[in-house]
Number of protein chains: 2
Amino acid sequence: MILKRPQTITSQVNSILRKRIRDGAYAPGSKLPSESDLAAELGVSRATLRQAMTSLVSEGMLLPRQGDGTYVNRRVFEISTRLESFWSFTHMIENSGRKCTIHVLSTQVLPAGQRESDVLEIAPEEPIYVMERLFFADEQPVILSTNIIPVAFFSIAPECCDARVPLNVFLETYCDQWIAYSTSDIRSALPAPQAVERLQLDSDEPLLTFFDVFYNRADQPVAFGLNNYADKRLNMRLVRAWGA
Amino acid sequence: MILKRPQTITSQVNSILRKRIRDGAYAPGSKLPSESDLAAELGVSRATLRQAMTSLVSEGMLLPRQGDGTYVNRRVFEISTRLESFWSFTHMIENSGRKCTIHVLSTQVLPAGQRESDVLEIAPEEPIYVMERLFFADEQPVILSTNIIPVAFFSIAPECCDARVPLNVFLETYCDQWIAYSTSDIRSALPAPQAVERLQLDSDEPLLTFFDVFYNRADQPVAFGLNNYADKRLNMRLVRAWGA
DNA sequence: AAGTGGTCTAGACCACTCC
DNA sequence: GAGTGGTCTAGACCACTTG
């Protein structure tokens, strides 16, 4: 069962700051109140305020200058599609200001092949759940995604699962698994015939591919995915803060 | 002038932890001493210790489990080429266990075109410094890189600069500029004829391209780069921790 | 029940920038 | 010199896992 946990003070403060930036209360290029003042205004300690700011700083939205003040990035609104928000395709698409819809192309249970048993550390032929999905941004297909989960993890019958949710939510809801970390190998490739058709591409137009493996807190692989990403239609932007 | 600044306690502790993991003092899959014990052993506060651990956690090398303990990722040594270490190609290549050498193909001063003046926010025709470099991993060419810096930033004559250093070091040394953050647009593309030749590729083999823009602490663009990345020869792996 | 990591506080001192 | 962000401490309480 999924219980909604109350948000921490830190994450609430983080949301407040994001909202103020988004709404223009803190305009692009402007200086924020000092950390002490902000902490006092919000009724939290300075340490908590700084903790809430870290993600905004690492995303490049806030630019702290020692001895001066903290400024809002002049280009906040140009850096909205970020690899950081990448744990959910839905998020990434909606961050780019477009509507995301998911088409489930197929879901099936198959025996694991060599690659599946290697990556997921299961016996060959063990049953796996395979789901194929297509993500649209404003009715335009942008991501063709295949995800694979060992059937052994499921706490209910695979046929009863709703595949239109993000993978992490799927794993939490139907498999009682929480993702601790994931690895993604990023490559460039010419699309397979199936991808050409589904994504409505030219066959000689290369696309980005992601090979993702998801691990739980016990360091076990719980799923992996193959994602074809139409980079011409949805920008993939990485923002990095250069600490010291 | 570049002054070497003394390291913070946090970064020293971070280095100690990395070293202990690398040397096997904390073996893959094993549990670390508790945070309180570690802090006491190293003579720092628990807050500082946790601060030192954050980067290791976000890279997926350490896996904290509330109520239990903190474990070393079983696969630490498989996640060595990470996008996080990506602020320096040299670092990235050496992290993959190979030797990095840099060939400077050309350096020249040219008038800015439309794209250069747009991205760098300078007047058209203003002089820019263009450097083309080729990065090798163990004698194999892996990255073809073009970087562009407005000549106005230089504090010495551009001809006197050593282009065999990482871009951030170059900017600090010769331009008195520090990078605060950067954006990278990641795309897939068929290589230009020049890239085919330099990187010794097949012309129908797609590669990863990065369009990077670097900003200083005043939020001004100070440089941009176009990088062609032979993803078949050097893996581009992103590791992400899934917080809460 | 004991021990672990997760969160939060109040206060201190430093390095730095601006006026 | 005044004010800012950067670092660090000591201590507290909570949520959680394990024995």
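Preceding this paragraph is the structure being described.
From a predicted model like this one, the values you see are computed outputs, not experimental measurements.

1. Overview of the pairing of strand β1 (residues 62-65) of chain A
All names here are of chain A.
Then, number 1: Across 4 bridges, the pairing between β1 and strand β2 (residues 69-72) is antiparallel. Following the sheet pairing, Pro-64 is matched in β2 by Thr-70.
Then, number 2: Between β1 and the antiparallel strand that follows it, β2, lie 3 residues; Gly-67 among them carries a positive phi value of about 85 degrees.

2. Notes on the interface of chain B and chain A
Then, number 1: In this assembly, 48 residues from chain B lie in contact with 48 residues from chain A.
Then, number 2: Between chain B and chain A, a total of about 4400 Å² is buried, with carbon and sulfur atoms accounting for 50% of that surface.
Then, number 3: Contact with chain A buries surface across chain B, with Ile186(B), Arg240(B) and Trp242(B) losing the most and accounting together for 18% of the total.
Then, number 4: Where chain B meets chain A, there are 8 salt bridges.
Then, number 5: One can count 37 residue pairs in polar contact (both at pLDDT 80 or more) joining chain B with chain A.
Then, number 6: Of all the elements in the fold, those that place two or more residues in the side of chain B that touches chain A are β1 (62-65), β6 (179-189), β7 (207-216) and β9 (236-241) of chain B.
Then, number 7: By residue number, the principal contributor to the side of chain B that touches chain A is β6(B), which donates 11 residues.
Then, number 8: For the side of chain B that touches chain A, the class distribution of residues is 24 nonpolar, 9 polar and 15 charged.
Then, number 9: Note: strand β6 (residues 179-189) of chain A against β9(B), 6 bridges, orientation antiparallel. Bridge assignment links Ser182(A) to a residue of β9(B), and that residue is Arg240(B).

Rules of the game
Each chain carries its own residue numbering, running from 1 in the direction its sequence is written. Chain letters and ligand numbers both follow the written order, the letters beginning at A and the numbers at 1. In view of the model being predicted, local features appear only for residues whose pLDDT reaches at least 70, and side-chain atom pairs are presented and counted only at 80 or more, with totals across whole chains, interfaces and linings using the full set of residues. The basis for every side-chain value is the complete set of heavy atoms in the structure, and neither hydrogens nor water enter the calculation. Pairing between two strands requires that DSSP report at least two bridges joining them. Numbering goes from the N terminus for both helices and strands, where a helix is a DSSP run of H or I of at least four residues and a strand is a run of E of at least two. Any two residues having at least one pair of non-hydrogen atoms within 4.5 Å are treated as being in contact. Take the accessible area each of two parts loses on contact, using a 1.4 Å probe, and add the two losses: that sum is the buried area. We define a salt bridge as a contact between a side-chain nitrogen of Lys or Arg and a carboxyl oxygen of Asp or Glu at a distance within 4 Å. Any pair of N or O atoms that falls within 3.5 Å is considered a polar contact. Within protein, one atom must be able to donate a hydrogen and the other to accept it, and sequence-neighbouring residues count only if both atoms are side-chain atoms. Each residue receives one of three labels: charged for Asp, Glu, Lys and Arg, nonpolar for Ala, Val, Leu, Ile, Met, Phe, Trp, Tyr, Cys and Pro, and polar for the others, Gly being one of them.

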